[in-house]
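Each chain, written out:
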Amino acid sequence: MSLAASVRVDRGPLTVELDLEVADGEVLAVLGPNGAGKSTLLRVLAGLLPPDDGRVAVGAETWDDVPAGVRVPAHERRLGMVFQDHLLFPHLSVTDNVAFGLRTRGRGKPAARAAARDWLARVGIAELGDRRPGRLSGGQAQRAALARALVGEPALLLLDEPLSALDARTRLTVRAELRRHLGEFPGSTVLVTHDPVDAMALADRVVVVEAGRVVQAGTPADVSRHPRTDYVARLVGLALLPGTGEGTTVRLDGGGRVAVAEEAAGPVFVAVRPESVALWPARPEGSPRNVWPARLVSATPHGSTVRCELDGEVPLLADVTAAAFAELGLAPGTPVWASVKASDVAVYAR
Amino acid sequence: MRRRSEPGVPLPLLVPAVLAVAFLVLPLAGLVLRTPWAELGPQLTSPAVGQALRLSLVSATAATALSLVLGVPLAWVLARSRARGRSVLRALVTVPLVLPPVVGGVALFLVLGRQGLVGRWLDQALDVTIPFTTTAVVIAETFVAMPFLVISVEGALRAADARFEDAAATLGADRWTTFRRVTLPLVAPGIAAGAVLCWARALGEFGATITFAGNFPGTTQTMPLAVYLALQQDPDAAIVLSLVLLAVSVATLLLLRDRWLTRAVR
């Protein structure tokens, strides 16, 4: 039942042109900023938006084939979709919401209700079946929406920012549950998100989409460790510096040099994790081979640390403890020295 | 939610505002004051009044039913279809809203009258004559009142979140199933409000009815026509009949306010 899609959609100034393949049981995360074309892609896969060109096939079935003039309408596609704000029908009980898809596909009322109740139990809200969606919490509603999408045993599951409407704590729980259900789901899953944590936690593979095109693809670990665009680097909290490798030194495109542990040659990316950057009030003595003068641009609380954005010859992000931040007397514009060990710098080919 | 009232309304605004209230309320107060309460019982139970009242209720209800059957699908087309010329269509549909009802009556007569475009064919082929029948009353009222329903339902459809319909499509519902099982329940409050508005307008219809259906007691003489006729022969009867219509209007308003207009769409 694997998904193979290669589509082009013209949306005014934005052209979305994407190739995707998702195997059975695989979860593909489509990660990207707002307006990158992620939701457009899902609408095309769901049949809610006709592509301007290309093909969409799931298993042996062709759902869209623009050159051949094939187009299966949304309601004839065997898919389940979970929307950001769940879109449970407000006039139906939770059970009837989950049973809706079975009823439209011809299942009798008692059978559809029984299957719906089974699924409500599986997502852990068996006791809420008689309620109206308006009386559910965000997490409960999203669980019901997942049950509604999965109850029809779809070949393709589409998740459109399924966790972004939830508060931080609920999100954590629902994400863990979603991970379990995705693990049990035999079909292909496409998850659209702008949250790298969702992508890392839920997906087997990640494609990063910017301005309608794939800019990076790989496993979550690979994408988070070796970002290829500023957007991804920012998402995963790395400073990304393009440059040219010359042995164990990289000459940066923006000026300056970075010492690295592994030898590198030709065009490369240098990625520096914020927690490996140390800040000093004066030029530090001793071992670090990378020491640069910098200036603080901004500081924002980030968990138990303060994330400092630094400007200078080498633009960096640095995480320092609140105590160290206070000791250094940092304020926007303060000059500081930043140091990084060569062994803490990741370098990889561009 | 009460806003803090600013002290002192400027005089140039206050005086006209008070005059406007007086202008709108005084005639109605006068109607109530002049009501011959002693005659109320006998007047209301007189066969002529009962006949007009019954005819009014039946024809307004039939016109509302007809408007629902035809108007809700039209509202859907206006709100949801991507067909070209929708703005032209909407303009055409709303013409009866601003058209003097008498003109509507004349137009209906020209089309459905015995010599009319459609009426001639109905008369010859089917032996059906429409003008000056109760059917004509219902048609005249529908012509005048349906646009109220269409506009109101179209507004409700536009306000309703169309993504619910997308969700229904991903759950295997074709557009007709989606309309029945999702869209219709979602906009039900809007449809109800539109139906009440339509019914009230049909109940008060005068111009198109008297032009197209005439003024025959028992078959086409509705309450407004009866009021008009009574005013010339028996003013007290006219007042009583007017009071009944006023009561129905106020009841309609209350119904709309309490049941639908203030109930926010979730």
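Cut-offs used in this document
Residues numbered from 1 in each chain as written. Chains lettered and ligands numbered in written order. Predicted model: local features only at pLDDT ≥ 70, side-chain atom pairs only at ≥ 80, totals over all residues. Heavy atoms only, no water. Helix = DSSP H or I, 4+ residues; strand = E, 2+ residues; numbered from the N terminus. Buried < 20%, exposed > 50% of the residue type's maximum accessible area, 1.4 Å probe, protein only. Areas by Shrake-Rupley, 256 points an atom, 1.4 Å probe, with all protein chains shown as cover. Lys, Arg positive; Asp, Glu negative; His and termini not counted. Charge placed at Lys NZ, Arg CZ, Asp CG, Glu CD. Pairing = 2+ DSSP bridges. Domains from an automatic or database assignment. Contact = heavy atoms within 4.5 Å. Buried area = accessible area lost by both parts, 1.4 Å probe. Axes fitted to C-alpha atoms, helices over the stretch in contact; angles between N-to-C directions. Parallel < 35°, antiparallel > 145°, perpendicular 65-115°, else oblique. UniProt positions renumbered as here; feature names shortened; annotations may be inferred. Salt bridge = Lys/Arg side-chain N within 4 Å of Asp/Glu carboxyl O. Polar contact = N/O pair within 3.5 Å; in protein donor to acceptor, adjacent residues only side chain to side chain. Nonpolar A, V, L, I, M, F, W, Y, C, P; charged D, E, K, R; others polar. Right-handed = clockwise from strand over helix to strand, strands pointing away. Phe/Tyr/Trp six-rings, centres within 6.5 Å; stacked < 30°, edge-to-face > 60°.

## Side note on the overall build of chain A
A tally of helices and strands in chain A yields nine helices and 19 strands. Oriented by its inertia axes, the alpha-carbon framework of chain A measures out at about 80 × 50 × 35 Å. The buried share of chain A, taken over its 350 residues, is 51%. Split by element, the accessible area of chain A, about 15300 Å² in all, is 50% carbon and sulfur. Here chain A contributes 39 positive and 41 negative side-chain charges, whose respective centroids are spaced 6 Å apart.

## Details of the pairing of strand E12 (residues 239-252) of chain A
Residue and element names in this part refer to chain A. Sheet analysis places E12 next to strand E13 (residues 257-272), joined by 12 bridges and oriented antiparallel. Residue pairing for E13: Arg251 is matched across the bridge by Arg257. Remark: four residues form the turn of the hairpin made by E12 and E13, two consecutive strands paired antiparallel; Gly255 in that turn has positive phi of roughly 100 degrees.

## Details of the domain arrangement of chain A
Residues and elements named next belong to chain A. The domain architecture assigned to chain A consists of domain 1 (3-228) and domain 2 (237-349). On a C-alpha basis, the centres of domain 1 and domain 2 stand 39 Å from each other. In this assembly, five residues from domain 1 lie in contact with six residues from domain 2. Interface area for domain 1 against domain 2, summed over the two sides, is near 480 Å², with a carbon-plus-sulfur share of 61%. When the buried area of domain 1 at its contact with domain 2 is split by residue, His226, Pro227 and Arg228 rank highest and sum to 86% of it.

## Quick word on the packing of helix H9 (residues 175-186) of chain B against helix H10 (residues 188-203) of chain B
Residues and elements named next belong to chain B. Here H9 crosses H10 at 60 degrees, and the two axes come no closer than 4 Å. Judged on the interaxial angle alone, H10 and H9 are oblique. Taken together, the residues of H10 that come into contact with H9 (itself represented by Leu184, Pro185 and Leu186) are Ala188, Pro189 and Ile191.

## Overview of the UniProt feature "transmembrane region" (unreviewed entry) in chain B
All names here are of chain B. With numbering matched to this structure, UniProt assigns "transmembrane region" (unreviewed entry) to residues 12-33, 53-79, 91-112, 132-153, 182-202 and 237-256. Across residues 53-79 one finds 100% helix and 0% strand; the C-alpha atoms that close the span lie 36 Å apart. Note that residues 132-153 is 91% helix and 0% strand, and that its end C-alpha atoms are spaced 31 Å apart.

## Quick look at the UniProt feature "domain: ABC transmembrane type-1" (unreviewed entry) in chain B
The UniProt record annotates "domain: ABC transmembrane type-1" (unreviewed entry) at residues 53-256 of chain B. Helix makes up 79% of residues 53-256 of chain B and strand 0%. Its end C-alpha atoms lie 22 Å apart.

## Concerning the interface of chain A and chain B
Opposite the 20 residues of chain A that make contact, chain B presents 18 residues. Both faces considered, chain A and chain B share a buried interface measuring about 1900 Å² in area, 66% of it formed by carbon and sulfur atoms. Where chain A packs against chain B, one counts two salt bridges. In this structure, Asp166 of chain B engages Arg43 of chain A in a salt bridge whose closest nitrogen and oxygen atoms are separated by 2.9 Å. Applying the counting criterion to the chain A and chain B interface returns four residue pairs in polar contact (both at pLDDT 80 or more). If you list the elements that add at least two residues to the side of chain A that touches chain B, you get helix H1 (38-46), strand E7 (79-82) and helix H2 (94-104) of chain A. Counting residues per element, the side of chain A that touches chain B draws most heavily on H2 of chain A, which supplies four residues. For the side of chain A that touches chain B, a count of residues per class yields 11 nonpolar, four polar and five charged.

## Points about the sheet that holds E13 of chain A
Residues and elements named next belong to chain A. Ordered in space as E12-E13-E19, the three strands form an open sheet in which the pairing is antiparallel. The sheet terminates laterally at E12 and strand E19 (345-349), the two strands that pair on one side only. If you compare each strand with its neighbour and ignore which way they point, the axes differ by 45 degrees on average.

## Examining the side chain of Thr252 of chain B
Residues and elements named next belong to chain B. As for its placement among the helices and strands, Thr252 is situated in helix H13 (residues 235-261). One polar contact links the side chain of Thr252 to the main-chain carbonyl oxygen of Val248, over a distance of 2.7 Å. If we skip the residues at most four places from it in the chain, Thr252 touches Val196, Trp199 and Ala200.

## Examining the pattern of salt bridges
Under the criterion given, the structure shown has 26 salt bridges over all chains. A salt bridge links Arg273 of chain A to Glu275 of chain A; the nearest nitrogen and oxygen atoms lie 3.3 Å apart. A residue is classified by how much of its surface remains accessible, and Arg273 of chain A, at 39% relative accessible area, is partly exposed. For Arg114 of chain B, the salt bridge is made with Asp123 of chain B, and the minimal N-O distance between the two is 3.7 Å. Residues joined in a network through salt bridges with shared partners are Arg171, Arg175, Asp195 and Asp198 of chain A.

## Side note on the pairing of strand E9 (residues 188-193) of chain A
Residues and elements named next belong to chain A. Where burial is concerned, most of E9 is hidden: six out of the six residues are buried. Residues Ser188, Val190 and Val192 point to one face of E9 and Thr189, Leu191 and Thr193 to the other, with burial holding for every one of them. Pairing analysis gives five bridges linking strand E8 (residues 156-160) to E9, with the strands arranged parallel. Bridging across to E9, Leu159 finds its partner in Leu191. In terms of handedness, the path from E8 via helix H5 (residues 168-184) over to E9 forms a crossover that is right-handed.

## Points about the packing of aromatic side chains
Considering all chains together, one arrives at seven aromatic pairs over all chains under this definition. Ring geometry for Phe89 of chain A against Phe164 of chain B: centres 6.3 Å apart, planes inclined by 50 degrees, an arrangement best described as tilted. With Phe89 of chain A in the loop between E7 and H2 and Phe164 of chain B in helix H8 (residues 163-170), this residue pair bridges two chains. Phe89 of chain A sits in the buried class, given a relative accessible area of 0%. By way of ring pairs, the aromatic residues Phe89 and Phe100 of chain A together with Phe164 of chain B are connected into one cluster.

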